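Structure assessment
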Amino acid sequence: YGSDLTENFHPEWWRDRFRRMRQAQLTIARIWLFESGEGIRLRHHNSGVLGMTDQMIHAITTLLRIAEEERVQIYWTFLNGNTEKGRPFFDAQYNIQTTKYGDREAFQSRVVIPLLRLVRGSEANFAIDVLNEAEGALANGTVSHSDEIKTYIARTAMTVKTFAPDIPVTASAGWYIA
C-alpha cells in the first residue's frame, strides 16, 4: 500500500526487509504489483492500458536483484480482486478483467508480457498470482459473472506459461484453473 513500488520505492528499505526475513528463516515475500493501478499507464483514468511506468520497471528489476542477492523468492501478485467500487483503479480493473475496450488484451501485451520478460529466468521467482482474492472480484463488481473471472485467469495464466514457463502460476482462493 502507499505506492511502495513507484513514488515511495526505497531499495534499502526492501533490502532490510528481506534480510530480516532471512534472519527469521522466511524465504518467500509476496509482492502486490499494480495495486490500485500503481505502475500502470492508462490513456484515460479508467481505460486504455498503455504499459508500465518507468518507475515500476525500475522497481521490479531492482527488487528482483535485491531478492537474488538476499536469497529471498518473490511471489508476484498482479491484481487484487478486493478492489472496491469507487476506488481509483476500479473501472480500469473491470475493463482489464472483462473484455471492455480491449483492455484485457492490452494488459496482456503491454504489461504482463513486458513484466515476464523482466523477471523470467531469475531464481528469485517463487510464483505469480494472476489475481488475489478472485471471489472478491465477483463480490465487489470488477467482473459481472464468474465466467469473466475464469477467462481472465485462464488467459493470464496462458500468457505466463508461454513467456515464462519456469514460473508457477496461481489464482488465489480456490480458483485454480491455471
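Before going into details, it helps to say that this report is about the structure given with it. Keep in mind that what you see is a predicted model, and the values were worked out from it rather than measured.

A separate point is the overall build of the protein. When its secondary structure is counted, the protein shows six helices and six strands. Reading the protein from its N end, one meets helices and strands in the order α-β-β-β-α-β-α-α-β-α-α-β. The C-alpha atoms of the protein give a radius of gyration of 16 Å, which matches the 16 Å a tight globule of 178 residues would have. Principal axes of the C-alpha set define a box for the protein whose edges measure 45 × 30 × 25 Å. Considering only contacts within the protein whose residues lie at least 6 apart along the sequence, 74% involve residues at least 24 apart. Once the 20 positive and 21 negative side-chain charges of the protein are each reduced to a mean point, those two points are 3 Å apart.

On to the nonpolar core. Leu33, Phe34, Trp76 and Phe78 are the most contacted members of the largest nonpolar core, which has 50 residues in total. Leave out the neighbours within four places in its chain, and Leu33 touches Leu5, Met56, Ile60, Trp76, Thr77, Phe78, Leu79 and Leu115.

What follows is about the packing of helix α1 (residues 11-23) against helix α2 (residues 54-70). Two packed helices can be described by the angle between their axes and the distance between those axes. Running from amino to carboxyl end, α1 crosses α2 at an angle of 30°, the nearest separation of the two axes being 10 Å. In terms of their interaxial angle, α1 and α2 are classed as roughly parallel. Pair α1 / α2 crosses with right-handed handedness. The segment α1 lies against α2, with Pro11, Trp14, Arg15, Phe18, Arg19 and Arg22 engaging Thr62, Leu63, Arg65, Ile66, Ala67, Glu69 and Glu70.

On to the sheet that holds strand β1 (residues 28-32). Ordered by their spatial adjacency, four strands build an open sheet running β1-β4-β5-β6, and the pairing between neighbours is parallel. Looking at strand neighbours, the two that pair on one side only are β1 and β6 (169-170), the edges of this open sheet. Alignment of strand β5 (residues 125-132) against β6, held across two bridges, turns out to be parallel. Looking at the pairing, Ile128 lines up with Val169 of β6. Contacts between helix α6 (residues 146-163) and the sheet are confined to β4 (73-80), β5 and β6, with β5 contributing the most and set at about 155° to the helix.

Applying the stated rule across the entire model yields six aromatic pairs. With centroids separated by 6.2 Å and ring planes inclined at 55°, the aromatic side chains of Phe34 and Phe78 adopt a geometry described as tilted. Placement of Phe34 in the loop between β1 and β2 (40-42) and of Phe78 in strand β4 is noted, with a sequence separation of 44 residues between them. Taking the relative accessible area as the measure of exposure, Phe34 reaches 2% and is therefore buried. Lying over the aromatic face of Tyr75, Arg30 brings its terminal NZ or CZ to 4.7 Å of the ring centre.

Once that is clear, we can look at α1. Since one α-helical turn is 3.6 residues long, residues separated by three or four positions face the same way. The first and last C-alpha atoms of α1 sit 18 Å apart over 13 residues, in line with the 18 Å expected at 1.5 Å per residue. Of all the residues in α1, the buried ones are Trp14, Arg15, Phe18 and Met21. With its buried residues spanning 125° around the axis, α1 presents them on a single face. What points out from α1, more than 90 degrees from its buried face, is the exposed set Glu12 and Gln23. At its buried positions, α1 is contacted by β1 and α2.

Compared with the 24 Å implied by 1.5 Å per residue over 17 residues, the 23 Å span of helix α4 (residues 103-119) between its first and last C-alpha is a close match. Of all the bends found along α4, the most pronounced is centred on Val112 and spans about 30°, while Pro114, a proline, follows it within four residues. At the exit of α4 stands Gly121, carrying a positive phi of roughly 85°.

Calculation notes
- Residues numbered from 1 in each chain as written.
- Predicted model: local features only at pLDDT ≥ 70, side-chain atom pairs only at ≥ 80, totals over all residues.
- Heavy atoms only, no water.
- Helix = DSSP H or I, 4+ residues; strand = E, 2+ residues; numbered from the N terminus.
- Rg over C-alpha atoms; globule rule 2.2 N^0.38 Å.
- Contact = heavy atoms within 4.5 Å.
- Lys, Arg positive; Asp, Glu negative; His and termini not counted.
- Charge placed at Lys NZ, Arg CZ, Asp CG, Glu CD.
- Core = buried A, V, L, I, M, F, W, Y, C linked by side-chain atoms within 4.5 Å.
- Buried < 20%, exposed > 50% of the residue type's maximum accessible area, 1.4 Å probe, protein only.
- Axes fitted to C-alpha atoms, helices over the stretch in contact; angles between N-to-C directions.
- Parallel < 35°, antiparallel > 145°, perpendicular 65-115°, else oblique.
- Left-handed = near helix turned anticlockwise from the far one by under 90°.
- Pairing = 2+ DSSP bridges.
- Phe/Tyr/Trp six-rings, centres within 6.5 Å; stacked < 30°, edge-to-face > 60°.
- Lys NZ or Arg CZ within 6 Å of the ring centre and 35° of its normal.
- Expected span 1.5 Å × (residues − 1).
- Arc of directions from axis to C-beta.
- Bend = angle between axes of the 7 residues up to and from the residue.

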